[in-house]
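Single-letter residue listing:
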Amino acid sequence: MKTLSENASFSGTQGVYSHASDATNCDMTFGLYLPPEARSGPVPLLWFLSGLTCTHENAMTKAGAQALAAEAGIAVVFPDTSPRGEGVADDDDFAMGQGAGFYVDATEGPWAQHFRMWSYIADDLPALLEREFPIDLDRQSITGHSMGGHGALTLAMGLPGRFRSVSAFAPMGNTTDSDWGVPQLTAYLGEDRAAHRKHDASLLIEEAGFDGPMLIDQGASDQFLDKLKPEALAGAIARARQPATFRMQKGYDHSYFFVASFIDDHMALHADALWT
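Note that the coordinates shown come from a computational prediction; the quantities given were computed from them, not determined experimentally.

Visitor: Is there a simple way to explain the overall build of the protein in this structure?
Guide: Scanning the protein from N- to C-terminus turns up 10 helices and nine strands. Referenced to the eigenvectors of the C-alpha coordinate spread, the extents of the protein come out at roughly 50 × 40 × 35 Å. Among the 276 residues that make up the protein, the fraction classed as buried is 59%. Sequence-distant contacts in the protein: of pairs separated by 6 or more residues, those separated by 24 or more amount to 72%. If you sum the accessible surface of the protein, you get close to 10,900 Å²; carbon and sulfur atoms cover 48% of it. If you average the places of the 18 positive and of the 36 negative side-chain charges in the protein, the two averages end up 4 Å apart.

In structure tokens form, the structure reads like this:
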């Protein structure tokens, strides 16, 4: 692991690090905020997964999580959204390839060699965090924005017992019936729609659900509502009687101004779950 930068932030440390990943077969970069309490021992961990075209840096610099994490005494990790670098497959479409990993383990060429973001988030990066930092992996929660909201919800339901709470900002809610989902899952996973189902939050809510607090915020003026399919997600929550808070926020779009406006509620939800 290499330290790329470390900056004092709200009496804690905001770091950026790189490492060679066994999951993605390339170097990966991530941000990690450690609160002041980490100097005394392991602290709980919140994952923040970002969306299309983002790197580790977007949420790290725009979401406003550090002050709240410092107050709550929790660490926040900001992974990259895909493998990157020379020899890593890419596509001219911003919704495919580098910056668009969709948090799946690809099985189809040319993506299968590197695009294994599910394993990276589920196995590879947690092992490194536990080894290198004062992190308590028995206390984890997860959140994300857009594609990252999709990843947060699907990982939370796909890894039962791993996360104490889950939240999402404007998540891709129904990837098996959306332009932000069907083409990408088909390219990464092949034509077998059964393999796509575990990467669709609406389907997983009805098939598996989540045993813990769930909060979803969606901007009512989001320019991508037709691709995000919030109505499918809300419908699945109702049909499955999944305990959740789903909020349509009037006047808000898809930007990090929206995320920063409501992150206090999300951080409070996760802090309560992580310290209970």
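Visitor: Got a minute to help me understand the pattern of salt bridges in this structure?
Guide: If charged atoms from side chains of opposite charge come close, those side chains can pair. As enumerated under the stated definition, the model contains nine salt bridges in all. Of the charged contacts in the structure, one is a salt bridge between Arg-139 and Asp-136, with a shortest N-O distance of 2.6 Å. Take Arg-139 and Asp-136: they sit in the same class, and that class is buried. The salt bridge partner of Asp-265 is Arg-247, with a shortest N-O separation of 2.9 Å. You can see Asp-265 sitting in helix α10 (residues 256-275) and its partner Arg-247 sitting in strand β9 (residues 245-249), a full 18 residues away along the chain. When its relative accessible area of 25% is taken as the criterion, Arg-247 is described as partly exposed.

Visitor: In this structure, what is going on with helix α5 (residues 182-189)? I would like to understand it.
Guide: Think of an α-helix as turning once every 3.6 residues; residues three or four places apart then point the same way. Listed as buried for α5 are Gln-184, Leu-185, Thr-186, Tyr-188 and Leu-189. Where α5 is buried, its residues contact α6 (193-196). One or two positions beyond α5, positive phi appears at Gly-190, with a value near 95°.

Visitor: Where do I start with the environment of Leu-129 in this structure?
Guide: As for its placement among the helices and strands, Leu-129 is situated in helix α3 (residues 117-132). Note: C-alpha distance between Leu-129 and Pro-213 (84 residues apart in sequence) is 24 Å. Setting aside its immediate chain neighbours within four residues, Leu-129 contacts Phe-30, Leu-32, Leu-45, Trp-47, Val-77 and Ile-135.

Visitor: Help me out: how do you make sense of the side chain of His-56 in this one?
Guide: Structurally, the position occupied by His-56 is in the loop between β4 (43-49) and α1 (57-62). Take His-56: its relative accessible area is 14%, and that puts it in the buried class. Those residues in contact with His-56 that sit more than four places away from it in its chain are Val-16, Thr-29, Phe-30, Gly-31, Phe-78, Pro-79 and Asp-80.

Visitor: Before we go on, may I ask you to explain the nonpolar core in this structure?
Guide: One broad rule of soluble globular proteins: the nonpolar side chains tend to lie buried together. Judged by nonpolar contacts, the single largest core of 87 residues is most densely connected at Phe-30, Leu-32, Phe-48, Leu-129 and Tyr-188. Broken down by element, this core gets its largest block of residues, eight residues, from α3.

Visitor: Help me out: how do you make sense of the pairing of strand β1 (residues 2-9) in this one?
Guide: Two faces, one strand: in a regular strand the side chains alternate between the faces of the sheet. Pairing geometry for β1 and strand β2 (residues 12-21), over seven bridges, is antiparallel. Considered in β2, the bridge of Lys-2 is made with Ser-18. Here β1 folds back onto β2, and the loop between the two strands holds two residues, one of which, Phe-10, carries a positive phi near 50°.

Visitor: Sorry, what's going on with a negative patch on the surface here?
Guide: Together, Asp-90, Asp-91, Asp-92 and Asp-93 line one region of the surface with negative charge. With respect to the helices and strands, the residue Asp-90 is situated in the loop between β5 (75-79) and α3.

Visitor: What's the story with the environment of Gly-144 in this structure? I'm lost.
Guide: Along the chain, Gly-144 turns up in strand β6 (residues 135-144). With relative accessibility at 0%, the residue Gly-144 sits in the buried group. Placed 27 residues apart in sequence, Gly-144 and Pro-171 show a C-alpha to C-alpha distance of 7.6 Å. Residue contacts for Gly-144: discarding those within four places in its chain leaves Phe-48, Leu-49, Gly-149, Ala-152, Ser-167, Ala-168 and Phe-169.

Cut-off values and rules
The residue numbering used here restarts from 1 in each chain and proceeds along that chain's sequence as written. Only residues with pLDDT of 70 or above have their local features reported here, since the model is predicted, and side-chain atom pairs are shown and tallied only from 80 upward, although totals for entire chains, interfaces and linings are computed over all residues. Neither water nor hydrogens contribute to the side-chain values; these are computed over all heavy atoms in the structure. Per the convention used, a helix needs a DSSP run of H or I reaching at least four residues, while a strand needs a run of E reaching at least two, with both numbered from the N terminus. Partly exposed describes any residue whose relative accessible area lies between the buried limit of under 20% and the exposed limit of over 50%, with all areas from a 1.4 Å probe on protein chains only and scaled to the type maximum. Contacts are residue-level and defined by heavy atoms, with any inter-residue pair within 4.5 Å sufficient. Per-residue and other accessible areas were derived by the Shrake-Rupley procedure at a 1.4 Å probe size, with only the shown protein chains allowed to occlude residues. When charges are counted, Lys and Arg contribute as positive and Asp and Glu as negative, whereas His and the chain ends are disregarded. Charged side chains are reduced to one point each, which is NZ for Lys, CZ for Arg, CG for Asp and CD for Glu. One side-chain nitrogen of Lys or Arg within 4 Å of one carboxyl oxygen of Asp or Glu is enough to make a salt bridge. The criterion is simple. A nonpolar core is a set of buried Ala, Val, Leu, Ile, Met, Phe, Trp, Tyr and Cys residues joined through side-chain atoms within 4.5 Å. Pairing between two strands is assigned when DSSP locates at least 2 bridges connecting them. The patches reported here contain residues having more than 30% relative accessible area and no salt bridge. Joining distances are 9 Å for like charges and 5 Å for nonpolar side chains (Val, Leu, Ile, Met, Phe, Trp, Tyr).

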